[in-house]
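If you want the building blocks of each chain, they are given just below.
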Amino acid sequence: DQQVKQNSPSLSVQEGRISILNCDYTNSMFDYFLWYKKYPAEGPTFLISISSIKDKNEDGRFTVFLNKSAKHLSLHIVPSQPGDSAVYFCAASAGSYGQNFVFGPGTRLSVLP
Amino acid sequence: EPEVTQTPSHQVTQMGQEVILRCVPISNHLYFYWYRQILGQKVEFLVSFYNNEISEKSEIFDDQFSVERPDGSNFTLKIRSTKLEDSAMYFCASTGSGGNQPQHFGDGTRLSIL
């Protein structure tokens, strides 16, 4: 039962271009969504989050969009840099205090110089 | 910036042995978690811990697993009798008080069961 899906296992983008990573979820109770980046041999690093009361959140080169009706969110990275090459996980939780996150399977982003 | 630290980074254990994975969460955080990631698979929730008790656990977290906060800083995961399928990366995470907080992860312990 995949509550959080990332249908693209990998994505390659040219340096300087936009990277768009997608995530779909099935549980309508999810109300808080996050993106994590993970390098090999390291733990997931928090990137950006969005709560269900918003449809967009921006932090520097990173923007997350949430479409609640479609149960879809996306992460935009503009401009993409080689250092962005990593595995990106979408995660979601229901309820606001101390709830565990459900992770998607991840998308491996490769930014080509 | 404060971080979650995990020890050891790699643990090799014979099947059937007990293993304890250690974590030091960020000092003012109140919620603690263990996740695992089997090679090539997604990160899976194991257990959450708040106010000195388990607040939620997944079906993975069976009777072989236990968690403890033995003092004010450490948070441990014990696997009583390890199985081959317990081989995975184990990540500890913590989060502060207040609603909708991101969890901060340690770099994980790679557990290899022989």
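Preceding this section is the structure that the text describes.
1. Examining the pattern of salt bridges
A side chain of one charge can pair with a side chain of the opposite charge if their charged atoms are brought near each other. Residue and element names in this part refer to chain B. With the rule as written, the count across this model stands at two salt bridges over all chains. Salt-bridge contacts for R36 lead to E44; the nearest nitrogen and oxygen are separated by 3.3 Å. Using a relative accessible area of 10% as the deciding quantity, one classes R36 as buried.

2. Overview of the pairing of strand β9 (residues 88–95) of chain B
Residues and elements named next belong to chain B. Burial runs high along β9: eight of the eight residues are buried. Here β9 shows two buried faces, one formed by A88, Y90, C92 and S94 and the other by M89, F91, A93 and T95. One ladder, built from seven bridges, connects strand β4 (residues 31–37) with β9; its direction is antiparallel. Opposite Q37, over in β9, you have M89 as the bridge partner. Sheet topology note: the β9/strand β11 (residues 109–113) ladder contains three bridges and is antiparallel.

3. Re the sheet that holds strand β7 (residues 65–68) of chain B
Residues and elements named next belong to chain B. Read from one edge of the open sheet, four strands run β1-β3-β8-β7, paired in antiparallel fashion. Both edges of this open sheet fall to β1 (5–7) and β7, since each of them pairs with a single strand only. Recorded for the sheet is a direction-independent mean angle of 20° between the axes of neighbouring strands. Inspection of the sheet shows β7 paired to strand β8 (residues 75–79) by four bridges, in the antiparallel sense. Bridging from a neighbouring strand, S66 pairs with K78 of β8.

Conventions we followed
- Residues numbered from 1 in each chain as written.
- Chains lettered and ligands numbered in written order.
- Predicted model: local features only at pLDDT ≥ 70, side-chain atom pairs only at ≥ 80, totals over all residues.
- Heavy atoms only, no water.
- Salt bridge = Lys/Arg side-chain N within 4 Å of Asp/Glu carboxyl O.
- Buried < 20%, exposed > 50% of the residue type's maximum accessible area, 1.4 Å probe, protein only.
- Helix = DSSP H or I, 4+ residues; strand = E, 2+ residues; numbered from the N terminus.
- Pairing = 2+ DSSP bridges.
- Axes fitted to C-alpha atoms, helices over the stretch in contact; angles between N-to-C directions.

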